[in-house]
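Per-entry structural report
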Amino acid sequence: KEVKPDIGVYSKYCERSGIMDIKKIEMIWEVKYSPEDDPFEADDDEAFQREIDDAMLTLSQITTYATAHQAAQFRNHTFSALVFPTYARLLRWDRSGVTVTGSISLSDPKFSEFFWRYNYASAAQRGWDTSVDTDPRLLDDCAREIRMKLRLRESTPLARMSLGPGKGEYLIGNPTYTGTTSLTGRSTRTFKAWCEKMYTPVFLKDTWRIYSPSYIPEHETYAKLKQANVPNIATCTEAADILDHLTRTPENMNKNWVKSQPNGMRTFRHYRLVLREIGRDLLSFVSTKELVTAMRDAVAAHRHAFYDAGILHRDISAGNIIITSLGRGLLIDWDVSKSTDVEAFVTEQAERVGTWQFMAIRLLREPQPEDGTIPKPDRADDLESFFHVLTWVALRATAHSLSLEELTFMLYTIFDDWYLNKEGVCRGGLLKNMLFNVPTDISFKNEPLSHLIVTMAGSLAVRYEKPITRQDIDDYNVYMALPDDELRNAFLRHHPVTLRQARLANLEREDWLQGVFDEALLLDGWDANGRPVPRQIVNRGLSSIKRRKNQEEDTVEDEEEDIVEISNEA
């Protein structure tokens, strides 16, 4: 829904379009008439957050506003105000979280002093990303040519994005992908960009990388992959941390005035990376064979990265496999990858990473009660993610027997669904093992594609099946003790223990998954029902690619917005 805050603060000199212009707004105020709507406890209360319905509704509302504010602009942080009849709270938001003041009386000079200071603060201090120039007069002399080079519409606004002093500058239009629908996190945006130095189009990724000694910048990972001759990866031409852009919310964690200290708050560093290759989204495949070919190439990249370069990707998703102009696949987005070095793996702190819809089931579910720890992503989890990607794309965009209503419900309940456990941690995957029965429950009309999904499901399902019973093991041992003859061997070939061992062995084989794709591509019948089937999927809850997209409903009243202008020259 459209974002309609109660009060919007704008620069006196900005040219906004209409009463509410989220792309130009400086600060958002939300006004509430009842203290019962305050999502934060009184200053003398030890608790921080109130969990009654009206308060939670307000928290959802102001979080939605802050998320939209940061997503619509090039910003490092934003400020907002939550105003009640006698007091207010000031809030500072960034990609790590939010810092909230105690209640400030509206008659307290400190409240008005903040806005006086904000009025005279620099653009950077107010949260603007000064490495991006969005002046519409910037490219008057060559704007039309650049739009033609990038194949953009004539009305597409252009901006100049810099990687910092001594680094390249790039002209960009609208993002080709946005992962900015959650307040916190990497907030990745990608662009088809024009390199002013090389005078050529490139792929530019603008993101907030996890700032931790256990994560190396993505361009260093690309260098290791290239050194190991890993196939089917993109060519990184330039990358840099951007100015001094670092999330500041975690810096407050140890201050003596802090009430709430959430566990695991991450610090993020603003980062940009440029790739030579510009690909198409996986959903833009022109045939099911092209889809499977692109995924096969990504599987090969993953295999060689693991075994030749010692790197595990850990975020296999539909957004991280692209299709080149030649119809081949590249595996991109290595920013949460990890070294498979034994020492590094042992000392690594367990955490969940990845894209929600495509994460392995075991990573989404509750930790096992024996130790309560979060499982570390491993190679088999990535292999399972390839299966979830293929099934998700096949359900969304190939011919099958489901109605649109059935498909919409299935995509939500299996891929998107989530819940908060008693500790407030997001969990899911309760119904995801149903995917291993999808090929038999749903008729995919392209036979080689259906065969591929069935084959993958057959081996991956073993990860979640009940253990072999003692009776099965005893029975197996009885057959093993019999004389070696054709009848005994026939029984053993189809025995549950033998079949389970074979499927587990598949997951351990270096070439298993790539071999499954290669064998499928040799089958006849790819042309029959092989064209993509466009569908208008109505999202329920989460998004099609990134977890928590459109998660929070905009619950504000449909009111007109007041306008406050500030008088500085920013």
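Residues numbered from 1 in each chain as written. Predicted model: local features only at pLDDT ≥ 70, side-chain atom pairs only at ≥ 80, totals over all residues. Heavy atoms only, no water.

Comments concerning a nonpolar patch on the surface
Taken together, the side chains of L430, L431 and M434 present a nonpolar region at the surface, about 280 Å² in accessible area. With respect to the element layout, L431 can be found in the loop between β21 (426-428) and α10 (438-441). Using a relative accessible area of 38% as the deciding quantity, one classes L431 as partly exposed. (Patch = residues over 30% accessible without salt bridge, like charges linked within 9 Å, V, L, I, M, F, W, Y side chains within 5 Å. Areas by Shrake-Rupley, 256 points an atom, 1.4 Å probe, with all protein chains shown as cover. Salt bridge = Lys/Arg side-chain N within 4 Å of Asp/Glu carboxyl O. Helix = DSSP H or I, 4+ residues; strand = E, 2+ residues; numbered from the N terminus. Buried < 20%, exposed > 50% of the residue type's maximum accessible area, 1.4 Å probe, protein only.)

A word on the confidence of the model for the protein chain
The predicted model of the protein chain averages 86 in pLDDT, with 88% of residues at 70 or higher. Low pLDDT, under 50, characterises residues 541-570; the stretch is placed with 107 contacts to residues that sit more than four places away or in other chains. (pLDDT = per-residue confidence, 0-100. Contact = heavy atoms within 4.5 Å.)

Considerations on the sheet that holds strand β18 (residues 329-331)
Spatially, β15-β17-β18 is the arrangement adopted by the three strands of the open sheet, whose pairing is antiparallel. For this open sheet the edge positions go to β15 (280-281) and β18, each flanked by a neighbour on one side alone. Across two bridges, the pairing between β15 and strand β17 (residues 321-323) is antiparallel. Residue pairing in the sheet places R280 in a bridge with I323 of β17. (Pairing = 2+ DSSP bridges.)

Comments concerning the pattern of salt bridges
Under the defined criterion, the tally for this structure stands at 31 salt bridges. Across the salt bridge formed by R117 and E113, the nearest N and O atoms sit 2.8 Å from each other. One end of the pair, R117, and the other, E113, are both in helix α2 (residues 109-120), four residues apart, so they sit about a helical turn from each other. A relative accessible area of 53% places R117 in the exposed class. With its nearest N and O atoms 3.0 Å apart, the salt bridge here joins R209 to D241. On the criterion of sequence distance, the pair formed by R209 in strand β12 (residues 200-210) and D241 in strand β13 (residues 236-246) is long-range, its members being 32 residues apart. A single salt-bridge network, built from bridges that share partners, covers R186, K205, E218, D315, D333 and D335.

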